[in-house]
Amino acid sequence: MLINKTVSGFVEELASNSPAPGGGSAAALAGSLGAALSIMVCNFTEGKPKFSSVQDEISEIKQKGLALKNDLMDYIDGDTDSFVEVMKAYKLPKETDAEKTLRSEKIQEATIQATLLPLKVAESCVEVLKLSLRVLTIGNPNTACDAAVSGVTAYAGFQGAIFNVKINLGSINDETFLKNIREKIVVLQEDADKYNQLILARAQEVIG
């Protein structure tokens, strides 16, 4: 499993000539790092008398961050697994009409799943962006830089995930599915851009 590799081992695997892991797994990793940094800020704020007025919210953010971090860590291997399934579908026999039909169906099924996975990554990264902005606003100011990095890392994960969604759309025939996904992309992009800009503006105020 990719998640069990050392940092150097994961990076070397990404740099290899293997088609997976690739950008999708890297996007999920970026999102998980963003979530982890928000949790870090919570840990440096939680239990501190100076921040007594925000303890309940910090505790809630921490729990949300933990759930998002764990989901995104699962998606690191999930993205690679979904890509492998697409490759398996393309390798199915296509000698007879029946085989061609089955192969086509399996390719469509696998490609749809390979589209939904990075969409989940993108959705999770938007949620991390929201947490990043909040901890940058109410968290321990000594960790403001970490909160800002949480945000920009989550945004990078979001953009990477969206690229991985879009790259699959041209291979999918289901027009209803395509319409639904494209509509979701628009909404998610608007949210991600909004929170990214707010984070950058807040970081400018707090950090300089």
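Structural notes, computed from the coordinates. (Residues numbered from 1 in each chain as written. Predicted model: local features only at pLDDT ≥ 70, side-chain atom pairs only at ≥ 80, totals over all residues. Heavy atoms only, no water.)

Turning to the packing of aromatic side chains, a few remarks are in order. For the structure on display, the rule yields 1 aromatic pair. For the ring pair Tyr155 and Phe158, a centre distance of 6.3 Å and an interplane angle of 25° mean the geometry is stacked. You can see Tyr155 and its partner Phe158 sitting in helix α5 (residues 144–169), 3 residues apart, about one turn around the helix. There is no split in this pair, since Tyr155 and Phe158 are both buried. (Phe/Tyr/Trp six-rings, centres within 6.5 Å; stacked < 30°, edge-to-face > 60°. Helix = DSSP H or I, 4+ residues; strand = E, 2+ residues; numbered from the N terminus. Buried < 20%, exposed > 50% of the residue type's maximum accessible area, 1.4 Å probe, protein only.)

Moving on, we come to the pattern of salt bridges. Counted according to the given criterion, the structure contains 9 salt bridges. With a closest N to O distance of 3.3 Å, Glu60 and Lys64 form a salt bridge. Of this pair, Glu60 and Lys64 both sit in helix α3 (residues 55–90), 4 residues apart, roughly one helical turn. For Lys179, the salt bridge identified is with Glu183, shortest N-O distance 2.6 Å. Of the two residues, Lys179 and Glu183 both sit in helix α6 (residues 175–206), 4 residues apart, roughly one turn of that helix. For Glu183, a relative accessible area of 42% gives the class partly exposed. (Salt bridge = Lys/Arg side-chain N within 4 Å of Asp/Glu carboxyl O.)

Our next topic: the nonpolar core. Ranked by size, the top nonpolar core spans 49 residues in total, and within it Val121, Leu129, Phe158 and Ile181 carry the most contacts. Those elements that place two or more of their residues in this core are α2 (23–43), α3, α4 (97–138), α5 and α6. Ranked by residues supplied to this core, first place goes to α4 with 14 residues. Leave out the neighbours within four places in its chain, and Leu129 touches Gly151, Ala154, Tyr155, Ala192, Tyr195 and Ile199. Val86, Ala89, Ile107 and Ala114 belong to the second-largest nonpolar core, a separate cluster that totals 5 residues. (Core = buried A, V, L, I, M, F, W, Y, C linked by side-chain atoms within 4.5 Å. Contact = heavy atoms within 4.5 Å.)

What follows is about the packing of α4 against α5. Across the interface, α4 lies against α5 with an axial gap of 8 Å and an inter-helix angle of 160°. In terms of orientation, α4 lies roughly antiparallel with respect to α5. Handedness of the α4/α5 crossing: left-handed. Across the contact of α4 with α5, the residue classes break down as 21 nonpolar, 8 polar and no charged. (Axes fitted to C-alpha atoms, helices over the stretch in contact; angles between N-to-C directions. Parallel < 35°, antiparallel > 145°, perpendicular 65-115°, else oblique. Left-handed = near helix turned anticlockwise from the far one by under 90°. Nonpolar A, V, L, I, M, F, W, Y, C, P; charged D, E, K, R; others polar.)

The next subject is the packing of α3 against α4. Where α3 meets α4, the axes come as close as 8 Å, and the angle between the chain directions of the two elements is 160°. With respect to α4, the element α3 is oriented roughly antiparallel. Along this stretch, α3 crosses α4, giving a crossing that reads as left-handed.

Tracing the sequence through the fold places Ile138 in helix α4. Owing to a relative accessible area of 13%, Ile138 belongs among the buried residues under this scheme. Separated by 83 residues in sequence, Ile138 and Gln55 have C-alpha atoms that sit 9.8 Å apart. Among residues more than four places away in sequence, those in contact with Ile138 are Thr45, Phe51, Val54, Glu57, Ile58 and Ile61.

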